[in-house]
Each structure stands twice: as C-alpha cells, then as structure tokens.
Amino acid sequence: MTIHDAAPEQPTSLPDLLKARLPFLRRDTLKRVSDVVEALIQAQSTCHRRLGTFLPSDMSPEARKKRLQRCFQDQQLSGEVFLNVLLPLLPPGKLVFAMDRTNWEHGTQPLNLLVLGVDLQGFTLPLVWEAIPHSGSSNTSTRERLVARLLKRLPARRWKVLVADREFLSQHWFEFLRRRRIKRWYVISDAG
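Residues numbered from 1 in each chain as written. Predicted model: local features only at pLDDT ≥ 70, side-chain atom pairs only at ≥ 80, totals over all residues. Heavy atoms only, no water.

1. Overview of unusual backbone geometry
Within the chain, Gln121 stands out as a residue other than glycine whose phi angle is a positive 55°. Position of Gln121 among the secondary structure elements: in the loop between strand S2 (109-120) and strand S3 (123-131). At Arg181, a residue that is not glycine, the phi angle is positive and equals roughly 70°. As for its position among the elements, Arg181 is in the loop between helix H7 (171-179) and strand S5 (185-188). (Helix = DSSP H or I, 4+ residues; strand = E, 2+ residues; numbered from the N terminus.)

2. Concerning the packing of aromatic side chains
Aromatic rings in a pair are described by how distant their centres are and how their planes are angled relative to each other. Applying the stated criterion to the full structure yields two aromatic pairs. Taking the centre distance of 5.7 Å and the plane angle of 15° together, the rings of Trp173 and Phe176 count as stacked. In this pair, Trp173 and Phe176 are both assigned in helix H7, three residues apart and thus about one turn of the helix distant. Exposure remark for Phe176: the relative accessible area of 4% places this residue in the buried category. Arg143 extends its terminal NZ or CZ atom over the ring of Trp173, reaching a point 5.3 Å from the ring centre. (Phe/Tyr/Trp six-rings, centres within 6.5 Å; stacked < 30°, edge-to-face > 60°. Buried < 20%, exposed > 50% of the residue type's maximum accessible area, 1.4 Å probe, protein only. Lys NZ or Arg CZ within 6 Å of the ring centre and 35° of its normal.)

3. Comments concerning helix H2 (residues 27-43)
Note: α-helices contain 3.6 residues per turn, so residues at a spacing of three or four share the same orientation. Given a rise of 1.5 Å per residue, 17 residues ought to cover 24 Å, and the 24 Å separating the end C-alpha atoms of H2 matches this to within 8%. Thr29, Leu30, Arg32, Val33, Ser34, Asp35, Val36, Ala39 and Ala43 are the residues of H2 that are buried. Contacts made by the buried residues of H2 are with helix H1 (14-21), helix H3 (48-52) and helix H4 (61-73). A positive phi of about 50° marks Gln44, the residue just after H2. (Expected span 1.5 Å × (residues − 1). Contact = heavy atoms within 4.5 Å.)

4. Thoughts on the packing of H1 against H2
Between H1 and H2, the least distance of the axes is 9 Å, while the angle of their chain directions is 130°. By the criterion of interaxial angle, the relationship of H1 to H2 is oblique. Classified by chirality, the crossing of H2 by H1 is right-handed. Contacts between H1 and H2 involve Leu14, Pro15, Leu18 and Lys19 from the first element and Leu30, Val33, Ser34, Val37 and Glu38 from the second. Here the contact of H1 with H2 is composed, by residue class, of six nonpolar, one polar and two charged. (Axes fitted to C-alpha atoms, helices over the stretch in contact; angles between N-to-C directions. Parallel < 35°, antiparallel > 145°, perpendicular 65-115°, else oblique. Left-handed = near helix turned anticlockwise from the far one by under 90°. Nonpolar A, V, L, I, M, F, W, Y, C, P; charged D, E, K, R; others polar.)

5. Some remarks on the confidence of the model for the protein
Looking at the protein, the pLDDT average stands at 81 and 89% of residues meet or exceed 70. In the model of the protein, S5 stands out as the element of lowest mean pLDDT, 70, in contrast to helix H6 (residues 140-151), which has the highest, 91. (pLDDT = per-residue confidence, 0-100.)

6. So, the pairing of S3
As paired strands, S2 and S3 are joined by eight bridges and run antiparallel to one another. Bridge pairing links Leu113 to Ala131 in S3. (Pairing = 2+ DSSP bridges.)

7. What about the packing of H6 against H7?
Between H6 and H7, the shortest axis-to-axis distance is 10 Å and the interhelical angle comes to 20°. Here H6 is positioned roughly parallel relative to H7, judged by the angle of their axes. The handedness of the crossing between H6 and H7 comes out as right-handed. Contact residues: Thr140, Arg143, Glu144 and Val147 in H6; His172, Trp173 and Phe176 in H7. Of the residues belonging to the contact of H6 with H7, the class tally is three nonpolar, two polar and two charged.

As structure tokens, then:
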C-alpha cells in the first residue's frame, strides 16, 4: 500500500502519516522529518546543499542548513523509527532486495556503509545499514547482522531475491542465506 492507495480514514499527507505512525515524536521533529523527506524525494539526492534548496522557501539558507543538521542528528530518529514508517508502505508479496557498500562523507569524515534495501521500480530504498569501521569490503559477519536485522521485520517468505555484487561471494555467506531461508540470490559483476 502506498500513501496514495490509503483508505479515506487513513492519513494521506506525509505529516499526517508520520504523526499516525510515530505518535511519540515531538511536533518539531515531525515537521523537520516531513520537510526533509519531501526534499529528499524532490532532490533525488542526499547532498545537503541540494536538499536545502527544496526546504520551505521562507527559510534563510542558514536556517535550512540548521534544519537539515537537526533532522539528521535527532536522537529520536533511529533506524527502527524509519522501519516503522516504511515497512507498512511496501507493496504486498515478494520483494527484491539489494545489498551494497557505499562511501559517503560526513563533513571531512569518510563513511563506509553497508546498506540493505528494497527495490521499488528501479529505485533502492535503504532499510537497514551499518557503518564499517574501516575502508574496503565488509566481512561476512557484518552482512549476516544486517540481514538478520531485516529478517526480524520482513520474514524470508517476503524475499523474492537478494541482489549483491561480487564483493559478497563466499561459501559461508551462501550457507548463511540458505539457513535463513533466503533461497534466491543473484551476484552481479560490477566490472565495466
């Protein structure tokens, strides 16, 4: 179900949806999250400079920057909070999942993240992630923890396939997926 498919008695605007799903969040936090999510959708980017241009136009550039910082640093906004909002909105049936490692920068600090998300019509929505405390590839135990976290909320019967690149090739990894009843996976080559 998507926001647009919601029945009339269900929330149809993003602020109303967030309030219904996350009633424990403060009103200022809900407003910031709503603004930032709408900016993320419009900007199709996580670059703060670009996101800022899609925040409400009555804000100064400095106020936009502070609003983004407050949203991303808010202690109430854990990964579990986002899963509580996102999971009920996923389409029914089996889903295609993708795992990849990505490098970002937080100011001058490099971030090496392992991300597991769901494919929604060619766009991968990140659902769970973990910072890797070193540069380079993730290890099998980190991948296992990430999959196990998502399996607690989305059982294996909902997993059509897990797509990953060749960084994740290992017999131990494939055995773990089988034990967790993820029966289909697909490894792609990221070579040119």
